Amino acid sequence: MIRLFLFLVVVLCGCAYDKAEEITPAPKDCATPAVVSYAQSISPILDRNCRSCHNPGQLTAGVDLEDFTVLKKYVNNGILMGNIKHLPGYKPMPYGGTKLSDCDIALLQKWVDAGAPQN
């Protein structure tokens, strides 16, 4: 009986998600486009929330988010989403400010999930 219980615990635990963002759906009140455009959706979010500190004139932490190559590096290594989602082990961004809206985060996540294209 104990072996059966342990077997079930191991099997059922193996089916659980270990990251909250994998099971958290986008907010229902967010109207996200079918294809998220960098120029129309992502760049304005970065302008409003990130680029006042992360630009060529003020390279806070040495990060220039106006440079798409640099931005893509932070997308690929998970730092961008970890920071803006305020995940454990990441620096909450924007620094000293409020967390981005759930809708902005959902748009960014959809763009990241699509490979973060520069279109």
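Each chain carries its own residue numbering, running from 1 in the direction its sequence is written. Where local features are concerned, this predicted model is filtered to residues with pLDDT of at least 70; where side-chain atom pairs are given and counted, the filter is 80 or more; whole-chain, interface and lining totals use all residues. Side-chain measures here rest on the full set of heavy atoms in the structure, leaving out hydrogens and waters.

J.: What should I look at first to understand the environment of His54 in this one?
T.: Helix numbers and strand numbers start at the N terminus; a helix is a DSSP run of H or I with at least 4 residues, a strand a run of E with at least 2. Among the structural elements, His54 can be located in strand S1 (residues 54-55). Only heavy atoms enter the contact rule, under which two residues are in contact if any of them lie within 4.5 Å. Sequence-distant contacts of His54, defined by excluding residues within four places in its chain, comprise Thr60, Val63, Asp64, Leu65, Glu66 and Met93. Counting of polar contacts relies on pairs of N or O atoms within 3.5 Å, with two restrictions inside protein: one atom must be capable of donating a hydrogen and the other of accepting it, and residues adjacent in sequence are counted only when both atoms are side-chain atoms. Side-chain polar atoms of His54 contact the backbone oxygen of Thr60, separated by 3.1 Å.

J.: I would appreciate a short explanation of the packing of aromatic side chains in the present structure.
T.: Two aromatic rings are characterised by how far apart their centres lie and by the angle between their planes. To pair, rings of Phe, Tyr and Trp, with the six-membered ring standing in for Trp, must have centres within 6.5 Å; the planes then decide the type, stacked if under 30 degrees apart, edge-to-face if over 60, and tilted in the middle. In total, this model carries 3 aromatic pairs according to the counting rule given. Ring centres of Phe68 and Trp111 lie 6.4 Å apart, and the angle between their planes is 75 degrees; this geometry places the pair in the edge-to-face category. With Phe68 in helix H4 (residues 68-76) and Trp111 in helix H6 (residues 102-113), this residue pair connects regions lying 43 residues apart in the sequence. A residue is classified by how much of its surface remains accessible, and Trp111, at 0% relative accessible area, is buried. Three or more aromatic residues joined by ring pairs form one cluster here, namely Tyr38, Phe68 and Trp111. The cut-offs for exposure are 20% and 50% of the maximum accessible area for each residue type, with area from a 1.4 Å probe on protein chains only; residues under the lower value are buried, those over the upper are exposed, and the others partly exposed.

J.: Just checking my understanding: could you explain the layout of surface pockets for this structure?
T.: Rolled over the atoms, a probe sized like a water molecule indicates the empty space that remains. Whether a set of points on the 1 Å grid over the protein atoms alone is a cavity depends on a 1.4 Å probe fitting there but being unable to get out, while an open set qualifies as a pocket with protein on both sides within 12 Å along at least five of seven lines; lining residues are those with an atom within 4 Å of a point. Grid points are joined across faces, edges and corners, and a volume is the space filled by probe spheres set on the points. Here the second largest pocket defines a volume of roughly 450 Å³. Lining the second largest pocket are 20 residues, and of these His54, Ala61, Val63, Asn83 and Met93 sit closest to its centre. No other element matches the 4 residues that helix H5 (residues 79-84) contributes to the lining of the second largest pocket. Asp, Glu, Lys and Arg are counted as charged, while Ala, Val, Leu, Ile, Met, Phe, Trp, Tyr, Cys and Pro are counted as nonpolar; the rest, among them Gly, fall into the polar class. Across the lining of the second largest pocket, the residue classes break down as 14 nonpolar, 5 polar and 1 charged.

Spatial relationships are all this shows, so hold off on functional conclusions.
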